[in-house]
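Examination of the molecular architecture
Below are the chains, spelled out letter by letter.
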Amino acid sequence: MGKNQQGVNLGKQAEDAVETAMRELCSEDQRFCGYLRANCGDRLDGEGIDFLIFFRSGGALPVQVRSTRRKIGRFQKIHPNIRFILFIMKRYLLNPSSDGYRRTLDYVKRKTVQF
């Protein structure tokens with residue numbers, strides 16, 4: 001995962017933002033019944049999955065979270081079955097009280113529902 005100039009792990013912060021959005025989405029939309037966040041180095045992580053989002057209908061959606069588009073082609077070659085990739089803009093990650101952070105959470109929820 002990439003770090004910014006201050007040494008902050010942006011990948012983890014992007015995943016934290018997505019987890020916040022998933023928590024909200026599951027409480028707001030009855031089609032979603034839960035999610036699972038992969039731990040660094042576990043089997044899901046090794047398969048390129050950062051989150052599994054569970055549908056009440058019984059399915060699950062694997063999600064990859066990116067804080068940069070760098071190396072996305074390589075990721076897609078290694079993990080061609082992970083088709084839902086969320087790109088989180090770096091500039092909004094460092095200030096969870098900002099409007100940009102709120103828009104990021106709304107973007108995650110909107111893209112998840114649309115997929």
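This write-up is about the structure you can find in this document. Predicted model only: the values in this text are computed from it and were never measured. (Residues numbered from 1 in each chain as written. Predicted model: local features only at pLDDT ≥ 70, side-chain atom pairs only at ≥ 80, totals over all residues. Heavy atoms only, no water.)

Enumeration according to the criterion identifies three aromatic pairs in this entry. A centroid spacing of 5.3 Å and a plane angle of 40 degrees characterise the contact between Phe32 and Phe55, whose relative ring orientation is tilted. Separated by 23 residues along the polypeptide, Phe32 in strand 1 (residues 32-37) and Phe55 in strand 2 (residues 51-55) bring together distant segments of the chain. For Phe55, a relative accessible area of 25% translates into the label partly exposed. If you follow Arg69 out to its NZ or CZ, it ends over the ring of Phe87, 3.9 Å from the centre. (Phe/Tyr/Trp six-rings, centres within 6.5 Å; stacked < 30°, edge-to-face > 60°. Helix = DSSP H or I, 4+ residues; strand = E, 2+ residues; numbered from the N terminus. Buried < 20%, exposed > 50% of the residue type's maximum accessible area, 1.4 Å probe, protein only. Lys NZ or Arg CZ within 6 Å of the ring centre and 35° of its normal.)

For the α-helix, the turn length of 3.6 residues means that residues three or four positions removed from each other point alike. An ideal rise of 1.5 Å per residue puts 27 Å on 19 residues; helix 1 (residues 10-28) measures up with 27 Å between its terminal C-alpha atoms. Buried residues of helix 1: Leu10, Gly11, Ala14, Glu15, Ala17, Val18, Glu19, Ala21, Met22, Glu24, Leu25 and Cys26, and no others. Its buried side turned inward, helix 1 meets strand 1, strand 2, strand 3 (60-66), strand 4 (84-87) and helix 4 (99-114). (Expected span 1.5 Å × (residues − 1). Contact = heavy atoms within 4.5 Å.)

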